[in-house]
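# Structural features, examined
Given next are the chains, with one letter for each unit.
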Amino acid sequence: MTKTITLGQFIIERQADFPYAKGELSRLLRDIGIAAKIVNREVNKAGLMDILGQAGSTNIQGESQQKLDVYADQQFIAALKSGGECCIVASEENEEIIRLDSDISKNAKYIVAIDPLDGSSNIDVNVPVGTIFSIYRRRTASGPATLHDVLQKGTEQVAAGYIIYGSSTMLVYTTGKGVNGFTLDPSIGEFCLSHPNLKIPETGTLYSINEGNYVHFPQGVKDYIKYCQVEDAATRRPYASRYIGSMVADIHRNLIKGGIFIYPVTSSAPNGKLRLVYECNPMAFIIEQAGGKATNGSSRILDLDVYELHQRAPIFIGSKAMVSVAEQFMQNTYERI
Ligand code: P6P
């Protein structure tokens, strides 16, 4: 019987990794874990509550907000506000940054960027959805934090993680020293270490892309998809297409089994669809820490300049060998044997 290690115990034990930390990041991760359990409770009974369906409002993206989107956004902001370790929340659901300027928060040293409920259009059909978060140190030493504190490159993240509300609920995160996964045990209401030191397989046979957009893809993406579909038993196992339409679920599957997830530019989305600050950067940090790769087809996601809060970026993310081949097609340098 292996010893149960809860998220809280793990965070405290790993605090030794940060000898100069005074516990703020640990408490911030704890606050996120608490909100995740509350959101999980509502996601799990969404079909039974008057919480499904359109909230009537629309978010900054112009997307109709599902009531659970709004609920999740409120829960994470409330947890961060009461925890006092975060001075600004940048959320997909809010056009502007949310400054937490209470006495205990206004001088807090951390910034949280979050997609409170990614893939929420899948809620009504019981497909896994997720929360994605990214944590930065503020750039200004004190006083009211500003957007300048938020718009930092992905390389500046101190932590990143996601929660996947699926057949089980998992919290996966990194602080730059590897990736660990925790599964929620409903019988004790705790996230318990279930996937220590997660590593993505060097290669794989799953490719994940919305082929409904095929005609709108750049030629390199079209060529890569054809490469994936070629039966070439002599050199590699046939690939399989898997696309859930929920970024957290697609990337989590690839983290466990190996694979590549691509959301490229299309003629209707010239900068891609996914958001750099609270979707691409945190997922890129996690996958790189697990030994994988994340680029925009040519440049490392984490190195991209961040110039606006809801900036979009194309993303090729997953097993290192697969992303590298996809990049060769994007740069038309693939050596056909
Ligand atoms: P499409 C969900 O709406 C989301 O933001 C991601 O979770 C997902 O990967 C992507 O959009 C799906 O987009 O255009 O394929 O429906």
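Bear in mind the structure is a predicted one, so any value in this text is a computation, not a measurement.

We now examine the site of the ligand. D118, G119, N210, Y243, G245, S246, M247, F261, Y263, K273 and L274 make up every residue found near the ligand. Note that an oxygen atom of the ligand is positioned 2.7 Å from one of the side-chain N or O atoms of D118. With respect to the ligand, the side chain of Y243 contributes an N or O atom lying 2.5 Å from an oxygen atom. When the ligand sits alone it has 400 Å² of accessible area, and the protein chains cover 79% of it.

Moving on, we get to the UniProt feature "binding site: substrate" (unreviewed entry) in the protein. In the numbering used here, UniProt assigns the "binding site: substrate" (unreviewed entry) feature to D118, G119, S120, S121, N210, Y243 and K273. Relative to the helices and strands, N210 is located in the loop between β11 (206–208) and α5 (219–229). Apart from residues lying up to four places away in sequence, N210 is in contact with F217 and Y243. Looking at N210, its side chain comes within polar contact range of the main-chain nitrogen of G212, at 2.9 Å. Mapped onto the fold, Y243 is located in the loop between β12 (240–241) and α6 (247–257). With near-sequence residues (within four places) excluded, Y243 lies in contact with S208, I209, N210, D250, F261 and Y263.

The pLDDT averaged across the protein works out to 91; a share of 93% of its residues lies at or above 70. Predicted as a complex, the structure gets a pTM of 0.94 and an ipTM equal to 0.98.

Turning our attention to the side chain of T175. Among the structural elements, T175 can be located in the loop between β8 (169–174) and β9 (179–185). Contact partners of T175, with chain neighbours within four places excluded, come to F18, L25, L29, V158, A159 and F285.

A few words on the environment of M322. Among the secondary structure elements, M322 is positioned in helix α8 (residues 320–330). Residue class for M322 comes out buried when judged on its relative accessible area of 1%. Once residues lying within four places of it in the same chain are set aside, the contact partners of M322 are E202, T203, G204, T205, L206, Y224, Y239, G259 and I260.

On to the packing of aromatic side chains, then. In total, this model carries eleven aromatic pairs according to the counting rule given. Ring centres of F10 and Y173 lie 6.5 Å apart, and the angle between their planes is 90°; this geometry places the pair in the edge-to-face category. Of the two residues, F10 sits in helix α1 (residues 7–14) while Y173 sits in strand β8, which places them 163 residues apart along the sequence. Here the two residues F10 and Y173 agree in accessibility, since each one is buried. Aromatic pair Y224 and Y227: ring centres 5.7 Å apart, planes at 25°, arrangement stacked. With Y224 and Y227 both in helix α5 and three residues apart, the pair spans about one turn of that helix. Classification of Y227 as buried rests on a relative accessible area of 13%. Joined through ring pairs, the aromatic side chains of Y224, Y227, Y239, F329 and Y334 make up one cluster.

Further remarks concern the packing of α5 against α8. Contact geometry for α5 and α8: axes closest at 8 Å, N-to-C directions at 130°. Between α5 and α8, the angle falls in the class oblique. Helix-helix and strand crossings are classified by hand; for α5 and α8 the assignment is right-handed. Touching G220, V221, D223, Y224 and Y227 of α5 are M322, V325, A326, F329 and M330, all from α8. Partitioned by chemical class, the residues of the contact of α5 with α8 number eight nonpolar, one polar and one charged.

The subject of this paragraph is unusual backbone geometry. Non-glycine residue N197 carries a positive phi angle of around 50°. With respect to the helices and strands, the residue N197 is situated in the loop between β10 (190–195) and β11. Phi is positive for N332, which is not a glycine, with a value near 55°. As for its position among the elements, N332 is in the segment after α8.

Conventions adopted
- Residues numbered from 1 in each chain as written.
- Predicted model: local features only at pLDDT ≥ 70, side-chain atom pairs only at ≥ 80, totals over all residues.
- Heavy atoms only, no water.
- Near = heavy atom within 4 Å.
- Polar contact = N/O pair within 3.5 Å; in protein donor to acceptor, adjacent residues only side chain to side chain.
- Areas by Shrake-Rupley, 256 points an atom, 1.4 Å probe, with all protein chains shown as cover.
- UniProt positions renumbered as here; feature names shortened; annotations may be inferred.
- Helix = DSSP H or I, 4+ residues; strand = E, 2+ residues; numbered from the N terminus.
- Contact = heavy atoms within 4.5 Å.
- pLDDT = per-residue confidence, 0-100.
- Buried < 20%, exposed > 50% of the residue type's maximum accessible area, 1.4 Å probe, protein only.
- Phe/Tyr/Trp six-rings, centres within 6.5 Å; stacked < 30°, edge-to-face > 60°.
- Axes fitted to C-alpha atoms, helices over the stretch in contact; angles between N-to-C directions.
- Parallel < 35°, antiparallel > 145°, perpendicular 65-115°, else oblique.
- Left-handed = near helix turned anticlockwise from the far one by under 90°.
- Nonpolar A, V, L, I, M, F, W, Y, C, P; charged D, E, K, R; others polar.

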